[in-house]
Amino acid sequence: MTKKQSKLTIRILLFLGTIISLYFVPWPIVKAWITPLPKTVQEQVNKVTDYGFDGIIVYVDEKGENPVFYTAGYKNREDKIPADPHSLFKIASVSKLYTAVAVAKLVNDGRVSLDKTLADYFPELTGRIENADKITVRMMVQHRSGIPNYTDTYNYWVHPKQNDKERLELVLDLPANFEPGTGFEYSNTNYLLLSKLIEKVTDGSKSQYIKKEILDPLNLKNTYGSIRDVNLDDVMSGYYVGYENDLKTDDNGVMLATAEDLGKFIRALNDGSVFKDKKEQEIYTSIYKYEHTGLIPGYQTIAKYHKDIDVVVIQFTNTVNFEGYNWNLSEIMYDRIVKILNSN
């Protein structure tokens, strides 16, 4: 092969490589990023279908101003019911914030110790959960226990379990993912066990305790512990890409709330008014965070307080695809909303 032929071959290979690489570019994400930022939040929210979502609810609480709601798309796509800003929504892992606050309150009251172990509270789990005698309450709150995540078990979301007993059984007798305290790995099993702990020491349901100690003092009347506690007509429908059925009836063991109730909770969490006193707030600060996201089939939540502009922004989107760019697009939508608020 001559030198000229070699150069031509290399150019052809580079060209083909470029063409092939373009196939793997996440174009929906690129397009969402490079599209010029609109002037208003509502204009951004109106792009809901461009992002692949059936519906969206956004709640903005700017300190000193009346909260504002933004919606687009559908609450229920089958019946073409428009998105309702006051719909209940499954907030998925955002529920963990309430659980962590409940733990902090029980620690402050001397009813739970962060340094006691899983085996101390549940001796029956010794030998069923590896390292139960080394895993502390603090480690579970902070996802440093090494306990396997039940939602990571094979095909969990294809056949999700309907109660905590069945969910826990999925990980009993499995080896630990790491030695307690030596790593971090998000595990829903941690919070399932913390929920059991709250119920054991309060001799009641976790939902009852959260209602009495968190929701009622904040006057949050549109937050619930389970899909079983609500009128289904009040719940925003949830969808999974490629699956036609409405997922709102699935019992995922998570809380539901309106965007407004969740926004008020996030504000109270960050300004400290959810806590009884400074000591309780310090306990919480030492164990968990002040914002959260949530993702289950049909429901995506982003709930954050932005200190630099003193604004709480809650975003609900009701279309999910674990295999695609769906979550990334949800985050891009949220980030662009915050940028608009920042520029105003």
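Rules and cut-offs
Residues numbered from 1 in each chain as written. Predicted model: local features only at pLDDT ≥ 70, side-chain atom pairs only at ≥ 80, totals over all residues. Heavy atoms only, no water. Helix = DSSP H or I, 4+ residues; strand = E, 2+ residues; numbered from the N terminus. Buried < 20%, exposed > 50% of the residue type's maximum accessible area, 1.4 Å probe, protein only. Contact = heavy atoms within 4.5 Å. Areas by Shrake-Rupley, 256 points an atom, 1.4 Å probe, with all protein chains shown as cover. Pairing = 2+ DSSP bridges. Axes fitted to C-alpha atoms, helices over the stretch in contact; angles between N-to-C directions. Parallel < 35°, antiparallel > 145°, perpendicular 65-115°, else oblique. Expected span 1.5 Å × (residues − 1). Polar contact = N/O pair within 3.5 Å; in protein donor to acceptor, adjacent residues only side chain to side chain. Left-handed = near helix turned anticlockwise from the far one by under 90°. Nonpolar A, V, L, I, M, F, W, Y, C, P; charged D, E, K, R; others polar. Phe/Tyr/Trp six-rings, centres within 6.5 Å; stacked < 30°, edge-to-face > 60°.

Now for the overall build of the protein. A count of helices and strands for the protein gives 12 helices and 11 strands. Principal-axis analysis of the C-alpha atoms gives the protein an extent of 80 × 55 × 40 Å. Counting every position in the protein, which comprises 344 residues, the buried fraction comes to 49%. Counted over contacts in the protein with a minimum sequence separation of 6, partners at least 24 positions apart contribute 71%. Carbon and sulfur atoms make up 52% of the accessible area of the protein, which amounts to about 17,000 Å² in all.

Once that is clear, we can look at the sheet that holds strand S7 (residues 256–257). Reading across from one edge, S4-S7-S5 is the order of the three strands in this open sheet, with antiparallel pairing throughout. Edge positions in the sheet fall to strand S4 (89–90) and strand S5 (223–224), since each has one partner strand and no second.

On to the packing of helix H4 (residues 95–108) against helix H9 (residues 206–215), then. Interaxial distance between H4 and H9 falls to 10 Å at its minimum, and their mutual angle equals 75°. The angle between the axes of H4 and H9 places the two elements in the roughly perpendicular class. Judged by residue contacts, Tyr98, Thr99, Val101, Ala102, Lys105 and Leu106 of H4 engage Lys206, Tyr209, Ile210, Glu213, Ile214 and Leu215 from H9.

Here the focus is the pairing of strand S8 (residues 292–296). Alternating positions in S8 separate cleanly, His292, Gly294 and Ile296 being buried on one face and Thr293 and Leu295 remaining unburied on the opposite face. As paired strands, S8 and strand S9 (residues 299–306) are joined by five bridges and run antiparallel to one another. In the sheet register, Gly294 faces S9, and the bridge partner there is Thr301. Linking S8 back to S9 in an antiparallel pair, the connection comprises two residues, with Gly298 at a positive phi of about 95°.

With that settled, consider the sheet that holds S9. Taken in spatial order, the six strands make up an open sheet running S3-S2-S1-S10-S9-S8, and their pairing is antiparallel. Edge positions in the sheet fall to strand S3 (81–82) and S8, since each of these pairs with one other strand and no more. Together, strand S1 (55–62), strand S2 (68–76), S9 and strand S10 (311–317) form the strand contacts of helix H10 (residues 259–271), whose direction differs from that of S10 by roughly 145°.

Turning next to H4. Between its first and last C-alpha atoms H4 spans 20 Å; for 14 residues at 1.5 Å apiece the expected length is 20 Å, and the two agree. Gly110 sits one or two positions beyond H4 and adopts a positive phi of about 80°.

Notably, His143 is not glycine yet its phi reads approximately 60°, a positive angle. By secondary structure assignment, the location of His143 is in the loop between helix H6 (137–141) and helix H7 (164–169). His143 sits in the buried class, given a relative accessible area of 2%. Phi angles above zero are rare outside glycine, and Asp173 is one such case at about 75°. Relative to the helices and strands, Asp173 is located in the loop between H7 and helix H8 (188–202).

Attention shifts here to the side chain of Asn76. Relative to the helices and strands, Asn76 is located in strand S2. Among the residues examined, Asn76 registers a relative accessible area of 11% and is labelled buried. A polar atom in the side chain of Asn76 sits 2.8 Å from the backbone nitrogen of Asp79. Among residues more than four places away in sequence, those in contact with Asn76 are Ile81, Ser237, Tyr239 and Asp246.

Closest axis-to-axis distance for the H4/helix H11 (residues 278–287) pair is 9 Å, and the angle between their directions is 130°. Relative to H11, the element H4 is oriented oblique. Crossing of H4 over H11 shows right-handed handedness. In this structure, H4 contributes Leu97, Ala100, Val101, Val103, Ala104, Lys105, Val107 and Asn108 to the contact, and H11 contributes Lys279, Glu280, Ile283, Tyr284 and Ile287. Of the residues in the contact of H4 with H11, the class split is nine nonpolar, one polar and three charged.

A large share of S10 lies buried, amounting to seven of its seven residues. Here S10 shows a buried face lined by Val311, Val313, Gln315 and Thr317 and a second buried face lined by Val312, Ile314 and Phe316. Pairing of S1 with S10 involves seven bridges; the strand directions are antiparallel. Across the sheet, Ile57 pairs through a bridge with Phe316, a residue of S10. Direction of pairing for S9 relative to S10: antiparallel, over a ladder of seven bridges. Looking across to S10, one finds that Lys304 is bridged to Val313.

This model, assessed by the stated rule, comprises 11 aromatic pairs. Each ring, one from Phe89 and one from Phe316, has its centre 4.2 Å from the other, and the planes form 0°; the classification is stacked. A residue pair is termed long-range when its members are at least 10 positions apart, and Phe89 in strand S4 and Phe316 in strand S10 qualify at 227 residues. Here Phe89 matches Phe316 in class, with each residue buried.

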